[in-house]
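Overview (structure and organization)
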Amino acid sequence: MPSAAVEDPRELQRIARRAVERAGRHALEAFQNRPRSDVEEKARGDFVTEIDRQIEAELKGLLLDATPRAGFVGEESERLNPSARVQWVVDPIDGTSNFAQGLRLFAVSIGALVDQEPVAGACWTPDDGIYDAAHGHGAFLDGRRLVAPAPPNASARLIACQWFRAAAEDTPPKVQLSNWFAPLIESGARLRSLGSTVLQVLHTAAGRYHANLQPLGRVWDLAAVAVIAREAGLNTTTWEGEPLFPGFLDDAGRLDPGLDRSSVIAADPLHSELLDLLGAAGLG
């Protein structure tokens, strides 16, 4: 890949798209080689395979060859050059448990942040192909522009959700399922969980779901899909209605991949309704 003007969202989009296409071919080839015997549990309910590590290393090489002054944050490796204005944020396989079990519900995700804000992203999926976007230039699925439709009435809404897997006694009240699932169900919405934040937000941008809601998400879950969702016309905020980015910051104001953030991703009026619902439940 050639060197690039790394602050240009369109160029970052092109670099991410080329890299994710190569990584996606690698992921699909590995997916077809089952059953997997290389699954490790990193933490309770959080898994990694050797393919995750291989794809992340491959992406790191591709992205930093193209933008040698950029930083890099990946789910499976140490971060590089954390003070750089441009940060590549990578999830090599979002939905590792699905991938390892032979479910085609996973994605490869690359986001580009400039000064802590997502400006470009590209995600590969095994069934749809490649989603990508650049700030101010629209979101696309294999070249077709995405415009998320307005949400239907409450009883027809499909809302994608993810939740925290820690033991109940260790779970903050905000993320206990009974506190936020019950109000959603009572609103008339139908809930779905695919086990992949990236895939769920992409489906929301494509209009298959009407919202994605979750109490916790790491920067690699949201960096690419935040710009794709925004460019498709969706609002992307925390449960408190604050912008998602910048927000994954340590005390020194630098990107902190260890931080979690809640998120509501939807078009209005549903986005506003969900914030009101969470607020009424004491969660916003």
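Residues numbered from 1 in each chain as written. Predicted model: local features only at pLDDT ≥ 70, side-chain atom pairs only at ≥ 80, totals over all residues. Heavy atoms only, no water.

Examining the environment of I51
Here is the rule we go by: For the purposes of this entry, the term helix denotes a DSSP run of H or I that reaches at least four residues, the term strand denotes a run of E that reaches at least two, and both are numbered from the N terminus. Any residue under 20% of the maximum accessible area for its type is buried, any over 50% is exposed, and the rest in between are partly exposed; the area is computed with a 1.4 Å probe on protein chains only.
By the element assignment, I51 lies in helix α2 (residues 50–66). Relative accessible area serves as the criterion here: at 9%, I51 is assigned to the buried category. As a C-alpha pair, I51 and P92 span 41 residues in sequence and 8.4 Å in three-dimensional space.

Some words on the packing of helix α1 (residues 9–31) against α2
As a reminder of what qualifies: Fitting a line to C-alpha atoms yields each axis, with helices limited to the stretch in contact; the angle taken between N-to-C directions then spans 0 to 180 degrees. Each angle is binned into one of four classes, with values under 35 degrees roughly parallel, values over 145 roughly antiparallel, values of 65 to 115 roughly perpendicular, and all other values oblique. Left-handed describes a crossing whose near helix is turned anticlockwise from the far helix through less than a right angle; right-handed describes the clockwise counterpart. Contacts: residue pairs with any heavy atoms within 4.5 Å of one another. All residues other than Ala, Val, Leu, Ile, Met, Phe, Trp, Tyr, Cys, Pro, Asp, Glu, Lys and Arg, Gly among them, are scored as polar; the first ten of these are nonpolar and the last four charged.
Their axes nearest at 10 Å, the elements α1 and α2 cross at an angle of 160°. Regarding the angle of α1 to α2, the classification is roughly antiparallel. The handedness of the crossing between α1 and α2 is right-handed. Of the residues in α2, those in contact with I15, A19, V20, R22, A23, H26, A27 and A30 of α1 are I51, Q54, I55, E58, L59, L62, L63 and A66. Its residues assigned to classes, the contact of α1 with α2 shows 12 nonpolar, two polar and two charged.

Some words on the sheet that holds strand β9 (residues 144–145)
To summarise the sheet geometry, strands pair through backbone hydrogen bonds and adopt either a parallel or an antiparallel arrangement. So the rule is basically this: In short, DSSP must find at least two bridges between two strands for them to pair.
Reading across the sheet, the seven strands line up as β3-β4-β5-β6-β7-β8-β9 and stay open at both edges, with mixed pairing between neighbours. The two strands at the open ends of the sheet, each matched to only one other strand, are β3 (71–74) and β9. Alignment of β3 against strand β4 (residues 86–94), held across four bridges, turns out to be parallel. Among the inter-strand pairings, G71 is bridged to a residue of β4, identified as Q87. Docked against the sheet, α1 engages β4, β5 (107–114), β6 (117–125), β7 (129–134) and β8 (139–141), running at close to 25° with respect to β6. Together, β3, β4 and β5 form the strand contacts of α2, whose direction differs from that of β4 by roughly 155°.

Notes on the pattern of salt bridges
Rules: When a carboxyl oxygen of Asp or Glu is within 4 Å of a side-chain nitrogen of Lys or Arg, the pair counts as a salt bridge.
The final tally for this structure, using the stated rule, is 11 salt bridges. The closest approach of N and O atoms between D142 and R17, which form a salt bridge, is 3.8 Å. With D142 in the loop between β8 and β9 and R17 in helix α1, the pair connects residues that are 125 residues apart, well separated along the chain. Since its relative accessible area comes to 44%, D142 is described here as partly exposed. Overall, R17 belongs to the partly exposed group, its relative accessible area being 27%. Connected through salt bridges with shared partners, the residues E7, R85 and D115 form a single ionic network.

Brief notes about the sheet that holds strand β12 (residues 211–214)
Pairing within the open sheet is mixed, and its five strands lie in the order β11-β10-β12-β14-β13. Among the strands making up the open sheet, the edge pair consists of β11 (190–192) and β13 (235–237). Strand-to-strand twist in this sheet, taken as the mean axis angle between neighbours without regard to direction, amounts to 20°. By the bridge criterion, four bridges tie β12 to strand β14 (residues 263–266) in an arrangement that is antiparallel.

So, α2
What counts, and what does not: Expected span of a helix, by definition, is 1.5 Å for each gap between consecutive residues, and there is one gap fewer than residues.
With 17 residues, α2 extends 25 Å between its outermost C-alpha atoms, agreeing within 8% with the 24 Å of an ideal straight helix rising 1.5 Å per residue. Considered for burial, the residues of α2 that qualify are I51, D52, I55, E56, L59, L62, L63, L64 and A66.

Description of the pairing of β7
Counting buried residues in β7 gives six out of six residues, a clear majority hidden from the surface. As paired elements, β6 and β7 share six bridges and run antiparallel to each other. Bridged to A122 within β7 is D132. Hairpin connection of β6 to β7: three residues between the antiparallel strands. Pairing analysis gives three bridges linking β7 to β8, with the strands arranged antiparallel. Bridge pairing in β8 links D132 to F140. In this antiparallel pair of consecutive strands, β7 and β8, the connection spans four residues, and G136 shows a positive phi of 85°.

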